[in-house]
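# An overview of the molecular structure
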Amino acid sequence: MLSIALPKGRIAEDTLKIFEEIFGKKFIFEDRKLILKDKDFTFLLVRNQDVPVYVLHQAADLGVVGLDVLEEKELDLVDLLDLKIGKCKVCVGMKNSDELDPDKPSIKVATKMENIARKHFSNKAVAAEIIKLYGSIELAPLVGMCDAIVDIVETGTTMKQNGLKVVETIMDSSAHLIANKNSFISKKREILSLYQEISKIVG
Ligand code: PRP
């Protein structure tokens, strides 16, 4: 029996479709239920950022989570496979009328992803004051709270509709299958067999 933490929303649906294709049966969460038990699997529905936490504490053997979240959290987990779903980019965004000014002594950056943002600007030797937010990041530069944002861009619509542009791409992201280190040892056969089946589908 393997337990798998999935991030609520489209990535969970796309992952369950992969499982349906492999096992030839439907995996459907009942309305509002957060746990789905089957003969071979238990699926848990959690917030995106919480997936690695469930896996780290071995509340789930496996998880599906964006590479951006893994990069941000830097936890001791096994990164098994790129599922090639949930593709997006982590970008630096600014107001259409603004440019990154290399001569400015320090810039203010609003983001959900503090570590990725801090590392990015530190690598460029740009002093950045990071302002941690939990959502609606695109609003921050519009009300003068920051010079730039570091955020997820998927279709680009949110930035566009708020008069923002991408000035730099920090990384490409997609959903990865991750494993708890102990589970990977104790349930190696089951995990590797699942890994092989999923690899056949996602390529
Ligand atoms: C994410 C991200 C952007 C948006 C990008 O936010 O933080 O705001 O999606 O998608 P797009 O490029 O397709 O417009 P999310 O929907 O997770 O909401 P949040 O603001 O609460 O973080």
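It should be emphasised that the depicted structure is a prediction, and the values quoted were computed from it without experimental measurement.

### Re the sheet that holds strand β5 (residues 78-82)
Sheets are built from strands that pair by backbone hydrogen bonding, the pairs being arranged parallel or antiparallel. The sheet built from six strands is open, its strands ordered β2-β3-β1-β4-β11-β5 with mixed pairing. Lying at the two open borders of the sheet, with one neighbouring strand each, are β2 (35-37) and β5. Geometrically, the sheet is characterised by an average inter-axis angle of 25° between neighbouring strands, direction not taken into account. In the sheet, strand β1 (residues 2-7) pairs with strand β3 (residues 41-46) via six bridges, with the strands oriented parallel. If you follow Leu2 over to β3, its bridge partner there is Phe41. Of the strands in this sheet, β1, β3, β4 (62-66) and β11 (175-179) touch helix α1 (residues 10-23), which is tilted by about 145° from β1. Against the sheet, helix α8 (residues 188-202) engages β1, β3, β4, β5 and β11, with an angle of about 25° to β5.

### What to know about the domain arrangement of the chain
Domains assigned within the chain are domain 1 (2-86 + 174-202) and domain 2 (88-173). Once you take the C-alpha centre of each, domain 1 and domain 2 turn out to be 29 Å apart. Each partner contributes to the interface: domain 1 provides ten residues, whereas domain 2 provides 13 residues. For the pair domain 1 and domain 2, the summed buried area comes to about 880 Å², and 43% of that belongs to carbon and sulfur atoms. Summed over the shared surface of domain 1 and domain 2, the result is two salt bridges. The partner of Arg10 in a salt bridge is Glu154, and the shortest N-O contact between them spans 3.1 Å. On the surface where domain 1 and domain 2 come into contact, there are eight residue pairs in polar contact (both at pLDDT 80 or more). The leading source of residues in the side of domain 1 that touches domain 2 is helix α3 (residues 67-73), at four residues.

### Some remarks on the side chain of Asp68
Tracing the backbone through its elements, the reader meets Asp68 in helix α3. Although Asp68 lies buried, it forms no salt bridge, and the closest oppositely charged side chain, Lys112, sits 7.5 Å away as judged by the N-O distance. Beyond its immediate sequence surroundings of up to four residues, Asp68 is in contact with Val90, Met113, Ile116, Ile152, Met171 and Ser173.

### Points about the sheet that holds strand β9 (residues 148-153)
Strand order in the open sheet formed by five strands is β8-β7-β9-β6-β10, with mixed pairing between adjacent strands. At either margin of the open sheet sits one strand with a lone partner, and together these are β8 (128-132) and β10 (164-173). Going across the sheet, the axis of each strand differs from the next one's by a mean of 25°, ignoring polarity. Note: strand β6 (residues 88-95) against β9, five bridges, orientation antiparallel. Across the sheet, the residue bridging to Lys89 is Val153, located in β9.

### Considerations on the site of the ligand
Every residue lining the ligand is accounted for by Lys112, Gly135, Ser136, Glu138, Asp151, Ile152, Val153, Glu154, Thr155, Gly156, Thr157 and Thr158. Between the ligand and Thr158, the relevant distance is 2.4 Å, taken from an oxygen atom to a side-chain nitrogen or oxygen of the residue. When the ligand sits alone it has 500 Å² of accessible area, and the protein chains cover 64% of it. Only β9 and α6 (157-161) provide two or more residues apiece to the shell around the ligand. Looking at which element gives the most residues to the shell around the ligand, the answer is β9, with three residues.

### A look at the pairing of strand β7 (residues 107-111)
Buried residues dominate β7, accounting for four of its five residues. The sheet contact formed by β7 and β8 spans five bridges and is parallel. Within β8, the residue paired with Lys108 across the bridge is Glu129. Bridge analysis of β7 against β9 gives three bridges, and the strand direction is parallel. If you follow Val109 over to β9, its bridge partner there is Ala148.

What counts, and at which threshold
- Residues numbered from 1 in each chain as written.
- Predicted model: local features only at pLDDT ≥ 70, side-chain atom pairs only at ≥ 80, totals over all residues.
- Heavy atoms only, no water.
- Pairing = 2+ DSSP bridges.
- Helix = DSSP H or I, 4+ residues; strand = E, 2+ residues; numbered from the N terminus.
- Axes fitted to C-alpha atoms, helices over the stretch in contact; angles between N-to-C directions.
- Contact = heavy atoms within 4.5 Å.
- Domains from an automatic or database assignment.
- Buried area = accessible area lost by both parts, 1.4 Å probe.
- Salt bridge = Lys/Arg side-chain N within 4 Å of Asp/Glu carboxyl O.
- Polar contact = N/O pair within 3.5 Å; in protein donor to acceptor, adjacent residues only side chain to side chain.
- Buried < 20%, exposed > 50% of the residue type's maximum accessible area, 1.4 Å probe, protein only.
- Lys, Arg positive; Asp, Glu negative; His and termini not counted.
- Near = heavy atom within 4 Å.
- Areas by Shrake-Rupley, 256 points an atom, 1.4 Å probe, with all protein chains shown as cover.

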